[in-house]
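Results of the structural survey
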Amino acid sequence: MKVKYMYQQMLSHLGIITVAFLILSLLVSQYVESLVYKNKEEELISYGEQILKDLNNNFLTDTFTLNDYQDVLKKRNIYLTMFDSNGQIVYPIDNRNLQIQFTEKEWEQISQGKRVVVNVDFNRFEQAVSLVILPYKKGDYLLGGILLTAPVSGTREMIQEFNSYLIITVCIALGISFIISWFLSKIHVRRIKQLQKATSAVARGDYNVTVRDSDFDEIGELASDFNKMVGKLKKSMDEIESLENRRRQFMADVSHEMRTPLTTISGIIEGLRNNMIPESEKEKGLALVSQETKRLIRLVNENLDYEKIRSNQVKLNKEEIELIDVFEIIKDQLAIQAEEQNDEIVVDVENDTMVYADYDRLVQILLNITKNSIQFTENGLITLRGREAADSTVIEIEDTGIGIDPKDVENIWHRFYKADISRKSNPFGEFGLGLSIVKQLVLLHDGKIDVKSEKGKGTKFTIWLPVKPNKPLLKAEE
């Protein structure tokens, strides 16, 4: 059976309140009843003790005093009876020699000189009464005693009236409790419904939902945790979508990059097989096939290298290296390319400048950047600079080439990004992977890289690599 949460809340609230009120009502009713009878008991005992005190030695003979008290007590709806040592009535005179019906227990208490109190008695008199019996003894002898009775009808009416007021009060309290319970249950259910709708939206794939949260109670904290969860899910889904887009873009870019060399290779092979290429051009065709094959191999190697770096599979073997030695190697390796472009490579390094890095990866970084500088600089200057700063080694590679459009500067680190397809080749590495690898390798060294460029005036790459740990730091430059 399905019961709505709101009704469960209301039933639980009303059940607890009803049980509490019933218990409280019973306790209060019993307490009031006991209090009323206690007051009546004390009143009767007080009159009885006063009568015994005034009778003194004239216990069985002073009818005048008894008559005076009887007149007063009747006005209070209290009746006085005196009995002797045998339990026979001696006052009022109209009932003289009648035997009072005492129980064995009551007579035993009377014989011992103890008072007897009965809150309600239904049997010995014409109506239900409260009674008090006070014995009178002289030494060890029981002379008799007095019996004071008061009808309980007035007392019962007062108790019933109190109980009726108590029932009305309980009904009003339950009505107010019902309204409050309904209101609070409605609020809680509304908040839970809000969470339910938001959860359903998330289940449908909508991660832009939020619910109102607070620190007021557990539901508010649950809403806060829900918002945090949805935020993380949204972030994860955005990352997954971004990765999927990158995967599709990667496949498209790789396919595009591989299509040209594969088409070239396929065409030359078909031409050679069908004797469509003249004998004098065959050597040139084979050289082109070899060149395009090496190009494909470089593409595959660069992709493998990039993925290894991205997945932290590359382990660096860092050591302190003299920067000028690395620059000289770069200059020697790229001297032919620079000469073809009519460029000059200049090394500008402060004396004894050291860099803390993996030698092979550092050479790979500098070769990639310097190749790009040579490729887009004609009749210009490429400068390799190095210096030690406060907590890092600063490497700069600056050229006087064609520069990069400002809108393309931030995109050059993207995989396969091509700023201008009209250029003779991709300006950021042969397949657009060079600078992506460069940036990942710099980050792997805990360093950072920046580029500044102005269209038509050249480009400057700046790399900061941390110095060796525990090595004394230079004072910060002014």
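The coordinates are above.
Remember, predicted model here, so these are calculated numbers, not experimental data.

**Focus: the sheet that holds strand 1 (residues 79-84)**
Taking strand neighbours across the sheet as the criterion, the 5 strands line up as 2-1-5-4-3 in an open arrangement whose pairing is antiparallel. The outermost strands of the open sheet, each flanked by one partner alone, are strand 2 (89-91) and strand 3 (116-121). Neighbour to neighbour, the strand axes of the sheet diverge by 25° on average, direction disregarded. Strand direction decides the pairing type here: strand 3 and strand 4 (residues 129-138), joined by 4 bridges, are antiparallel. Across the sheet, Val 118 pairs through a bridge with Leu 131, a residue of strand 4. Against the sheet, helix 2 (residues 63-75) engages strand 1, strand 2 and strand 5 (141-151), with an angle of about 150° to strand 1. Against the sheet, helix 3 (residues 104-111) contacts strand 1, strand 3, strand 4 and strand 5, and its axis sits at roughly 150° relative to strand 3.

**A look at the sheet that holds strand 9 (residues 381-388)**
Strand pairing within a sheet occurs via backbone hydrogen bonds; the two strands may be parallel or antiparallel. Judged by pairing direction, the sheet is mixed, and its 5 strands sit side by side in the order 7-9-10-12-11 without closing on themselves. Bordering the open sheet on either side are strand 7 (344-349) and strand 11 (448-454), each of which pairs with just one other strand. Between one strand axis and the next, the sheet turns by 10° as a mean value, whatever way the strands run. As paired strands, strand 10 (residues 392-399) and strand 12 (residues 458-466) are joined by 7 bridges and run antiparallel to one another. Within strand 12, the residue paired with Thr 393 across the bridge is Leu 465. With respect to the sheet, helix 7 (residues 323-333) is in contact with strand 7, strand 9 and strand 10, its orientation differing from that of strand 7 by roughly 175°. In this fold helix 9 (residues 359-375) packs onto strand 7, strand 9, strand 10, strand 11 and strand 12, with an angle of close to 25° to the strand it touches most, strand 10.

**Focus: the side chain of Asp 399**
Position of Asp 399 among the secondary structure elements: in strand 10. Although Asp 399 lies buried, it forms no salt bridge, and the closest oppositely charged side chain, Arg 385, sits 10 Å away as judged by the N-O distance. Separated by 2.9 Å, the side chain of Asp 399 and the backbone nitrogen of Gly 401 make a polar contact. Asp 399 has contacts with Ser 373, Thr 377, Leu 381, Ile 382, Lys 457, Gly 458 and Thr 459, leaving out every residue within four places of it along the chain.

**Looking at the pairing of strand 11**
Here 7 bridges tie strand 11 to strand 12, and the two strands are oriented antiparallel to one another. Each residue of the ladder has a partner; that of Glu 454, found in strand 12, is Gly 458. Here strand 11 folds back onto strand 12 in antiparallel fashion, the turn holding 3 residues, of which Gly 456 has a positive phi close to 80°.

**Overview of helix 2**
Here helix 2 spans 19 Å end to end across 13 residues, near enough to the 18 Å set by a 1.5 Å rise per residue. Turning to helix 2, its buried residues are Thr 65, Leu 66, Tyr 69, Gln 70 and Leu 73. Projected down its long axis, helix 2 shows its buried positions confined to an angular sector of 135°, all on one face. Pointing more than 90 degrees away from the buried face of helix 2 are the exposed residues Phe 64 and Lys 75.

Cut-offs applied
- Residues numbered from 1 in each chain as written.
- Predicted model: local features only at pLDDT ≥ 70, side-chain atom pairs only at ≥ 80, totals over all residues.
- Heavy atoms only, no water.
- Pairing = 2+ DSSP bridges.
- Helix = DSSP H or I, 4+ residues; strand = E, 2+ residues; numbered from the N terminus.
- Axes fitted to C-alpha atoms, helices over the stretch in contact; angles between N-to-C directions.
- Contact = heavy atoms within 4.5 Å.
- Buried < 20%, exposed > 50% of the residue type's maximum accessible area, 1.4 Å probe, protein only.
- Lys, Arg positive; Asp, Glu negative; His and termini not counted.
- Salt bridge = Lys/Arg side-chain N within 4 Å of Asp/Glu carboxyl O.
- Polar contact = N/O pair within 3.5 Å; in protein donor to acceptor, adjacent residues only side chain to side chain.
- Expected span 1.5 Å × (residues − 1).
- Arc of directions from axis to C-beta.

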